[in-house]
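Chain residues, written in single-letter form:
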Amino acid sequence: MSTYKEKIDINRLPAHVAIIMDGNGRWAKEKGYDRIFGHQNGVTSVREVTEAAAELGIKYLTLYAFSTENWGRPKAEVDALMELLVDTIEKETPTLNKNKVRLLAIGDMSRLPDAALKKLERCIDQTSQNSGLSLVLALSYSARWELTNAIKKISEDVVAGIVKTDQINDLLVSEYLTTVGIPDPDLLIRTSGESRISNFLLWQIAYTELYFTQTHWPDFRKENFYEAICEFQHRERRFGK
Ligand code: FPP
């Protein structure tokens, strides 16, 4: 029986929750295992939180699954993480469909290995008609990459005469980001005790409520998610006004 779940005001849910899933490596090392064991156990948390968000009626859940900086980790860990990500996506596609979850991805997909990209695109395609939760995977993502990419594309359109410089405003910039069409996050959760943003959604989190917890990602369960939502509902949001 959940205690935090009962306290959630279903009429004031965040429309978009983003999560920096941190601490898989530390969790595994503390138990005397290899880092990849932490990532494998992190999949259970992904499943739990996705289910909790879908059940509550949250519209968008974004998970920071792989950053552009993660390409710099040892090859064995990168390969294992990629394989785990795409195999999980492939295996979970029927469950996503059963629960009306639509999969989306943001990031520099050109860096993904061909086989991984194919599996990812297949799942995105097969869940594209679902009208429930949108599960957004940030894969090979970093905010500075995204902003640099947007600046390049806006410049090209200015040179081509498609955009005039005086038309460049907040809204136009948003349309050149990989998150186009996705509302800004209302709540950002980071697990495992670190109080930083690590190059995640820098443009989009301008007015997002930040929530940091000591819990390592592989230990994060539905109840931890409900607790974060309760805390969010106690905050007063003024959006600079
Ligand atoms: C951070 O822990 C976690 C990651 C870099 C990867 C997250 C991936 C998963 C949970 C795998 C499954 C995901 C999906 C969406 C199917 P860390 O390795 O940085 O931990 P540390 O800070 O303790 O070293």
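Draft legend 1. Just the overall build of the protein chain, in detail. Helix and strand counts for the protein chain stand at 8 helices and 6 strands. In the protein chain, the succession of helices and strands from N to C terminus is α-β-α-α-β-α-β-α-β-α-α-β-β-α. Radius of gyration (C-alpha) of the protein chain: 18 Å, near the 18 Å computed for a compact globule of 241 residues. C-alpha extents for the protein chain along the principal axes are approximately 60 × 45 × 35 Å. Out of the 241 residues in the protein chain, the part that is buried amounts to 48%. Within the protein chain, contacts between residues at least 6 apart in sequence are counted, and of these 78% link residues at least 24 apart. Counting every atom, the protein chain has about 12,600 Å² of accessible surface; 51% of that belongs to carbon and sulfur. Each charge sign in the protein chain was given a centre, from 31 positive and 34 negative side chains, and these centres are 1 Å apart.

Draft legend 2. Structural context of the side chain of T93. Locating T93 in the fold gives a position in helix α4 (residues 75–98). By relative accessible area, T93 is classed as buried at 6%. A distance of 3.3 Å separates the side chain of T93 from the backbone oxygen of E90, its partner in a polar contact. Residues in contact with T93, not counting those within four places in the same chain, are C123, Q126 and T127.

Draft legend 3. Just the packing of aromatic side chains, in detail. Tallied over the entire structure, the rule returns 8 aromatic pairs. Ring centres of Y207 and F239 lie 6.0 Å apart, and the angle between their planes is 55°; this geometry places the pair in the tilted category. Of this pair, Y207 sits in the loop between β5 (187–190) and β6 (209–212) while F239 sits in the segment after α8 (222–233); the two residues are 32 residues apart in sequence, bridging distant segments of the chain. Grouped by ring-pair contacts, the aromatic residues W27, Y33 and F37 constitute a single cluster. The aromatic ring of Y4 is capped on one face by K7, whose charged end is 5.1 Å from the ring centroid.

Draft legend 4. Structural detail: the confidence of the model for the protein chain. Of all residues in the protein chain, 99% attain a pLDDT of 70 or more, and the chain-wide mean is 96. The element-level mean pLDDT for the protein chain is lowest in α4, coming to 95, with strand β1 (residues 16–20) highest at 99.

Draft legend 5. Up close: the nonpolar core. V17, I19, I58, L61, L139, I189 and F225 are the most contacted members of the largest nonpolar core, which has 44 residues in total. Going through the elements one at a time, β1, α3 (35–56), β2 (60–67), α4, α5 (114–126), β4 (134–141), β5 and α8 are the ones with two or more residues in this core. The leading source of residues in this core is α4, at 7 residues. Once you skip the residues sitting within four places of it in the chain, I58 turns out to touch L13, P14, A15, V17, A53, L133, F225 and I229. Formed by 16 residues, the second largest nonpolar core is a distinct cluster that contains A18, I20, L104 and A143.

Draft legend 6. Molecular detail of the site of the ligand. M21, D22, R26, R35 and R73 are the nearest of the 18 residues found near the ligand. Within the side chain of R73, one N or O atom sits 2.8 Å away from an oxygen atom of the ligand. When the ligand is considered free in solution it has 620 Å² of accessible area, and contact with the protein chains removes 92% of it. Put simply, the ligand lies in the largest pocket. Put simply, the parts of the chain that give the shell around the ligand at least two residues each are α2 (24–30), α3 and α4. When residues of the shell around the ligand are assigned to their parent elements, the largest contribution, 5 residues, is made by α3. The residue makeup of the shell around the ligand, split by class, is 7 nonpolar, 7 polar and 4 charged.

Reading guide: rules and limits
- Along each chain, numbering runs from 1 in the same order as the chain's sequence is written.
- Given that this is a predicted model, residues contribute local features only at a pLDDT of at least 70 and side-chain atom pairs are listed and counted only at 80 or more, while totals for whole chains, interfaces and linings are drawn from all residues.
- Note that water and hydrogens are dropped before the side-chain values are worked out from all heavy atoms of the structure.
- Strands are runs of DSSP state E lasting at least two residues, helices are runs of H or I lasting at least four, and both sets are numbered from the N terminus onward.
- Just to be clear, the radius of gyration here is over C-alpha atoms, and the globule rule we use is 2.2 Å times residues to the power 0.38.
- Any residue under 20% of the maximum accessible area for its type is buried, any over 50% is exposed, and the rest in between are partly exposed; the area is computed with a 1.4 Å probe on protein chains only.
- Contacts between residues were defined by any pair of non-hydrogen atoms, one from each residue, lying within 4.5 Å.
- Residue-level accessible areas treat just the shown protein chains as cover; the underlying method is Shrake-Rupley with a 1.4 Å probe.
- In this count, Lys and Arg are taken as positive residues and Asp and Glu as negative ones, while His and the chain termini are left out.
- The atom standing in for a charge is NZ when the residue is Lys, CZ when it is Arg, CG when it is Asp and CD when it is Glu.
- Side-chain atoms alone can form a polar contact between residues adjacent in sequence; in general such a contact is a pair of N or O atoms within 3.5 Å, and within protein one must be able to donate a hydrogen while the other accepts it.
- Pairing of aromatic side chains here covers Phe, Tyr and the six-membered ring of Trp, requires ring centres within 6.5 Å, and sorts the geometry by plane angle: under 30 degrees stacked, over 60 edge-to-face, intermediate tilted.
- We call a charge positioned above a ring when the Lys NZ or Arg CZ atom is no farther than 6 Å from the ring centre and deviates by at most 35 degrees from the ring normal.
- pLDDT expresses, on a scale from 0 to 100, how confident the predictor is about each individual residue.
- Among buried residues, the Ala, Val, Leu, Ile, Met, Phe, Trp, Tyr and Cys ones that are joined through side-chain atoms within 4.5 Å form a nonpolar core.
- We call a residue near a given molecule or strand whenever any one of its heavy atoms falls within 4 Å of it.
- The method works on a 1 Å grid over the protein atoms by themselves. A cavity is a set of points holding a 1.4 Å probe that cannot get out, a pocket is an open set with protein on both sides within 12 Å along at least five of seven lines, and residues with an atom within 4 Å of a point line them.
- Whether a molecule sits in a cavity or pocket is decided by its atoms, more than half of which must lie within 2 Å of the grid points.
- Gly counts as polar in this scheme, as do all residues outside two lists: the nonpolar Ala, Val, Leu, Ile, Met, Phe, Trp, Tyr, Cys and Pro, and the charged Asp, Glu, Lys and Arg.

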